[in-house]
Amino acid sequence: MRRREHKVSYLSSEAIFAIPAMKPSRVILSLLVCVSLILSDIFYESSFKIRGYAQDLFMPIGAIVNIPADIIISIPDSLKTRSQLKLSLERAEEENKKLKVINQFLHKVSKENEELNTLWSSARLNLDNYSFVRKRSISSSEYQPLLIVDVAFNSNLGINDALLSSSGLIGKIVSLGLFSAEIMLLHDVRSSIPVVTEISKLHANVRGSGIGRPGSIEYIKKTASYELGEKVYTSGIAGLFPEGILVGEITSIEDLADSEFLNVEVSFVQSPFNQDFYLVYTDEKR
Amino acid sequence: MKRDKKNQLLIFLTLFIALYVDSYLFPSEYLSTKPTFVLLTLIYWNMALPDRVGITAALSFGIFVDLIEGTLLGLHGILFVLITYVCQRFFYQFRVSPLWQQSFILFFLFFLYKQVFALDFININQDLTNLSDRTFLKNSFLYALFSSLTWPLILLLLRYYRRRWVKN
């Protein structure tokens, strides 16, 4: 028995078989480590430097998703050796299975092609600056959702590159690894996009409010004349995103008596949930 | 391989599987209300074998979750360490209580756990991160409910696993 699993009584010298609670000093040390990590992340954004590489490390875990499919595909081969007596029957069945699997794959490939074509036709700027990425996962954080995408090794993507769908802007790259990139979505509360509205031509910033919630246009004077249903585009100011990419549309304008500013809500054009492929636009000027 | 190391490995295997389930298996629509399996698993091992799972495991898996989820680095770490400490401190009392009572306690624990993520650490938008966000409150309630309902399942599953594989 290990020594730390029991204490010895001072009175009788007998073993006391009680599991000791963890030492408070170790708990305090761990808490201090966590607090220092939090502070370094808040003040120096230290996590953004390592998150992309961390996602590369977790990639094999994601690859496990494919194992069940691989096993199913290998079943016909393993059965073939066992069932020589019913060879002809099984051959037919196997062919049938193969055809079904091929059909499924063809259907999938054609759907993916269709999606890629739609995406590509939406590219309006210099086509050489675009590259395709594929969605890997989305984090469950409600206020700070992150989209993880697979990127090609040695791709020329950079931090702050815009992620686009066929409908409009999705977010920007905040961390890059060798095979992964983390995207800060427009829905993220940290996200603030310079925009211009379609009809009133007013410049403003759209801030995210969390996944499943509309964004809001910040610090708008009550005299501003927004219209419901008005489209909101990137303004290109600050050089973060190219100009004229659709961000969303205005769904609500409220003039609250106790507020200094107008309360304008923007419904984002694209949910990150229902798409597998995206375009990344790399701005050469940056 | 020594028995201790084998046990440790088997325990970490369950934690990694839970991490995998958390990160990749759920449809995107349910991400904000799905239970945190890695935390449930960590709580179970703290109850069942408190001398085998310690602060280091809690801290490491907390940081893993931070890296995967994109939350502030160290936030899950701090929560996992605190929950591990509380679990180890009170595991004698918790372990002997009936399953429904355990689930009831975990409901409140998970509800409070979720509220931490509504805190505005970097002063972004003061209007959003408070209890007036009804969507967040509703999601927190559902999250705590699903987590507490999942607890008996996790407990029975891991108990079977422990008795079958993790030998003392």
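Everything below is about the structure printed above this text.
Before going into details, it helps to say that this report is about the structure given with it. (Residues numbered from 1 in each chain as written. Chains lettered and ligands numbered in written order. Predicted model: local features only at pLDDT ≥ 70, side-chain atom pairs only at ≥ 80, totals over all residues. Heavy atoms only, no water.)

Attention now moves to the overall build of chain B. Looking only at helices and strands, one finds seven helices and zero strands in chain B. Each helix and strand of chain B, ordered N terminal to C terminal, gives the series α-α-α-α-α-α-α. For 168 residues, the compact-globule estimate of 2.2 N^0.38 gives 15 Å, and the C-alpha radius of gyration of chain B, at 16 Å, lies within 12% of that figure. In terms of its C-alpha atoms, chain B occupies a principal-axis envelope of roughly 55 × 30 × 30 Å. Counting all 168 residues of chain B, 58% fall into the buried class. Treating the 16 positive side-chain charges of chain B as one cloud and the 9 negative ones as another, the clouds have centres 19 Å apart. (Helix = DSSP H or I, 4+ residues; strand = E, 2+ residues; numbered from the N terminus. Rg over C-alpha atoms; globule rule 2.2 N^0.38 Å. Buried < 20%, exposed > 50% of the residue type's maximum accessible area, 1.4 Å probe, protein only. Lys, Arg positive; Asp, Glu negative; His and termini not counted. Charge placed at Lys NZ, Arg CZ, Asp CG, Glu CD.)

Frequently, the measure chosen for interface size is the accessible area removed from exposure when the parts meet. Taken together, the contacts link 47 residues of chain A with 49 residues of chain B. Inspection of the chain A/chain B interface yields one salt bridge. We note a salt bridge from Lys114 of chain B to Glu142 of chain A, for which the minimum N-O separation is 3.7 Å. Counting every contact that joins chain A to chain B gives ten residue pairs in polar contact (both at pLDDT 80 or more). Of all the secondary-structure elements, those providing two or more residues to the side of chain A that touches chain B are α1 (24-44), α2 (46-63) and β3 (130-138) of chain A. A per-element tally of the side of chain A that touches chain B places α1 of chain A first, with twelve residues. Here the side of chain A that touches chain B is composed, by residue class, of 23 nonpolar, eleven polar and 13 charged. (Contact = heavy atoms within 4.5 Å. Salt bridge = Lys/Arg side-chain N within 4 Å of Asp/Glu carboxyl O. Polar contact = N/O pair within 3.5 Å; in protein donor to acceptor, adjacent residues only side chain to side chain. Nonpolar A, V, L, I, M, F, W, Y, C, P; charged D, E, K, R; others polar.)

So, on to the nonpolar core. Counting residues in each nonpolar core, the largest one holds 59 residues, and the members touching the most others are Val38, Ile43, Trp45, Phe80, Phe110, Tyr113 and Trp151 of chain B. Looking at this core, the element that brings in the most residues is helix α2 (residues 37-48) of chain B, giving ten residues. Sequence-distant contacts of Tyr113 of chain B, that is, excluding residues within four places in its chain, are made with Thr36, Leu39, His76, Leu79, Phe80, Ile83 and Tyr143 of chain B. One finds Val195, Ile217, Leu279 and Tyr281 of chain A within the second-largest nonpolar core, a separate group that totals 24 residues. (Core = buried A, V, L, I, M, F, W, Y, C linked by side-chain atoms within 4.5 Å.)

Residues and elements named next belong to chain A. Mapping Ser252 onto the fold places it in strand β12 (residues 246-254). For the pair Ser252 and Leu37, spaced 215 residues apart in the sequence, the C-alpha separation amounts to 39 Å. If near-sequence neighbours (up to four positions away) are discounted, Ser252 is found in contact with Leu228, Asn263, Val264 and Glu265.

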